[in-house]
Amino acid sequence: MQPKLIIHGGAGSSLKGKGGVESVRRSLAAVVEEVYALLKSGANAREAVVLGCQLLEDNPRFNAGTGSVLQSDGQIRMSAALMDGTNQSFSGVINVSRVQHPIELAQHLQSSPDRVLSDIGAAELLRELQVPLYNPLTELRLEEWMQERQENFVKTMAGVVAEPELVENAGRGTIGVVALDSQGNLATGTSTGGKGFERIGRVSDSAMPAGNYATKYAAVSCTGIGEDIIDECLAARIVVRVTDGMSLHEAMKRTFAEAHKNQRDLGAIALDATGAISWGKTSEVLLAAFHDGEQIGDTLEAADGTITGCLGG
């Protein structure tokens, strides 16, 4: 089977002009190219997802890993999840600090009897694994937080990408990767720094099946306002519909029509076992890119009003 891949770097307001589009496009395409090469070499879907998430976590432009937003108390707390559709195994960490790649902790927990750990448990796991401590703070995110502190946190969330000159208004920052390998196996991973400026202890959808879910039939990673994603149980709803026999395209169309009717602000990327690639959004823009087996494409300039898109299937 021809491997397929789709990734995202968040969702939100429109990118400012062609310069913003091209800048984000280059960042996403570089990740797609490297991860797809790994898939073509014979790696399994889970390995590809972990690499893709690591690369996106290392890019300070996106709100995950390095470049994560600060919460209301000025601290960074990150969440990530990994799900292997082959054995339908979900693992994740919630509100973990001082780690470079939260997705690696989720990967380690795939083989653990306790597969989702919150802040204290995740910190203990870091110590057990002897993972070097890492500070993901960037100057841009600190400046963003300092500005909001002066204004008494009037914004409800931080920017979707770190450079304010690239976006019109605030967006929703999360990264995600969905892969189909040459053996027909699916996996998905999602990682985030959270909304930014949120109450201490707030839990993101990214480390829940609502935001990251896969079976052997389909896999989905979500982005957007976490509370909206949780209310829709977005990823699991799409995957269950495909698992029950609906095509990926129809599952996405129905689910996003419902989310749009409910005035949600969110997006998702998806693959199914046939190799169909799909994406959806109720937000203005979805920062997603994909490899369809022949070439790289993206959703950065999807027509206004477009809610879902699909290739194949």
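Please read these numbers as outputs of a predicted model, since none were measured by experiment.

Rules used throughout
Residues numbered from 1 in each chain as written. Predicted model: local features only at pLDDT ≥ 70, side-chain atom pairs only at ≥ 80, totals over all residues. Heavy atoms only, no water. Helix = DSSP H or I, 4+ residues; strand = E, 2+ residues; numbered from the N terminus. Rg over C-alpha atoms; globule rule 2.2 N^0.38 Å. Buried < 20%, exposed > 50% of the residue type's maximum accessible area, 1.4 Å probe, protein only. Contact = heavy atoms within 4.5 Å. Lys, Arg positive; Asp, Glu negative; His and termini not counted. Charge placed at Lys NZ, Arg CZ, Asp CG, Glu CD. Arc of directions from axis to C-beta. Salt bridge = Lys/Arg side-chain N within 4 Å of Asp/Glu carboxyl O. Pairing = 2+ DSSP bridges. Axes fitted to C-alpha atoms, helices over the stretch in contact; angles between N-to-C directions. Disulfide = S-S within 2.5 Å. Core = buried A, V, L, I, M, F, W, Y, C linked by side-chain atoms within 4.5 Å.

Let's talk about the overall build of the protein chain
And then number 1: Counting secondary structure elements, the protein chain contains eight helices and 13 strands.
And then number 2: Computed over its C-alpha atoms, the radius of gyration of the protein chain comes to 17 Å, within 12% of the 20 Å expected for a compact globule of 313 residues.
And then number 3: Projected onto its principal axes, the C-alpha coordinates of the protein chain cover approximately 50 × 45 × 35 Å.
And then number 4: Here the protein chain holds 313 residues, and the buried ones make up 58% of them.
And then number 5: The contacts of the protein chain with a sequence gap of at least 6 include a subset with a gap of at least 24, amounting to 67%.
And then number 6: Counting 27 positive and 39 negative side-chain charges, the protein chain places the averaged centre of each group 4 Å from the other.

Comments concerning helix α3 (residues 102-109)
And then number 1: Residues of α3 that are buried include every one of Pro102, Ile103, Leu105, Ala106 and Leu109, and no others. Seen end-on, α3 carries its buried residues on one side only, within an arc spanning 155 degrees.
And then number 2: Lining the buried residues of α3 we find α2 (45-58), β2 (78-84), β3 (89-96), β4 (116-117), α4 (119-129) and β6 (186-192).

A short note on the pattern of salt bridges
And then number 1: With the rule as written, the count across this model stands at 16 salt bridges.
And then number 2: With a shortest N-O distance of 2.6 Å, Arg25 and Asp298 are connected by a salt bridge. With a gap of 273 residues between them, Arg25 in helix α1 (residues 17-40) and Asp298 in strand β12 (residues 296-298) connect regions that are remote in the sequence.
And then number 3: A salt bridge links Glu232 to Arg237; its shortest N-O distance comes to 3.2 Å.
And then number 4: Among the residues examined, Glu232 registers a relative accessible area of 1% and is labelled buried.

Looking at the sheet that holds β2
And then number 1: With mixed pairing, the eight strands of this open sheet are ordered in space as β4-β3-β2-β6-β5-β1-β11-β12. The outermost strands of the open sheet, each flanked by one partner alone, are β4 and β12.
And then number 2: Here β2 pairs with β3 via six bridges, running antiparallel. In the strand pairing of β3, Ala81 is matched with Gly92.
And then number 3: Seen against the sheet, α2 touches β1 (4-12), β2, β5 (175-180) and β6 and runs at an angle of roughly 155 degrees to β5.

As for unusual backbone geometry
And then number 1: Positive phi is not limited to glycine here, since Gln130 has a value of about 55 degrees.
And then number 2: Considering the arrangement of structural elements, one finds Gln130 in the loop between α4 and α5 (139-150).
And then number 3: For Gln130, a relative accessible area of 69% corresponds to the exposed category.
And then number 4: With a phi close to 45 degrees, Cys233 is a non-glycine residue in the positive phi region.

With respect to the state of the cysteines
And then number 1: For the structure on display, the rule yields zero disulfides.
And then number 2: Just so you know, Cys222 is unpaired, no disulfide at all, and the nearest cysteine sulfur is the one on Cys233, 9.1 Å from it.
And then number 3: Residue class for Cys222 comes out buried when judged on its relative accessible area of 0%.
And then number 4: In this structure Cys310 is not part of a disulfide, and its nearest cysteine sulfur, from Cys222, lies 16 Å away.

A closer look at the nonpolar core
And then number 1: Ranked by internal contacts, the top residues of the largest apolar core, which has 46 residues, are Leu5, Ile7, Leu28, Leu56 and Val96.
And then number 2: Per-element tally for this core: the top contributor is α1, with eight residues.
And then number 3: Contacts of Leu5, omitting those with residues within four sequence positions, involve Val32, Val35, Tyr36, Leu39, Val177, Val178, Ala179, Leu271, Ala289, Phe290 and His291.
And then number 4: In this structure, Ala81, Ile94, Val220 and Met252 belong to the second largest nonpolar core, which totals 40 residues.

Considerations on the pairing of β6
And then number 1: Within β6, seven of the seven residues are buried, which leaves the element mostly enclosed by the surrounding structure.
And then number 2: Residues of β6 alternate between two faces, with Leu186, Thr188, Thr190 and Thr192 on one and Ala187, Gly189 and Ser191 on the opposite face, all of them buried.
And then number 3: Taken together, the six bridges between β2 and β6 define a ladder with antiparallel strand orientation. Paired with Ala80 across the strands is Ser191, a residue of β6.
And then number 4: With six bridges joining them, β5 and β6 adopt antiparallel strand pairing. Looking across to β6, one finds that Ile175 is bridged to Ser191.
And then number 5: Two successive antiparallel strands, β5 and β6, enclose a turn made up of five residues, where Gly184 displays a positive phi of approximately 85 degrees.

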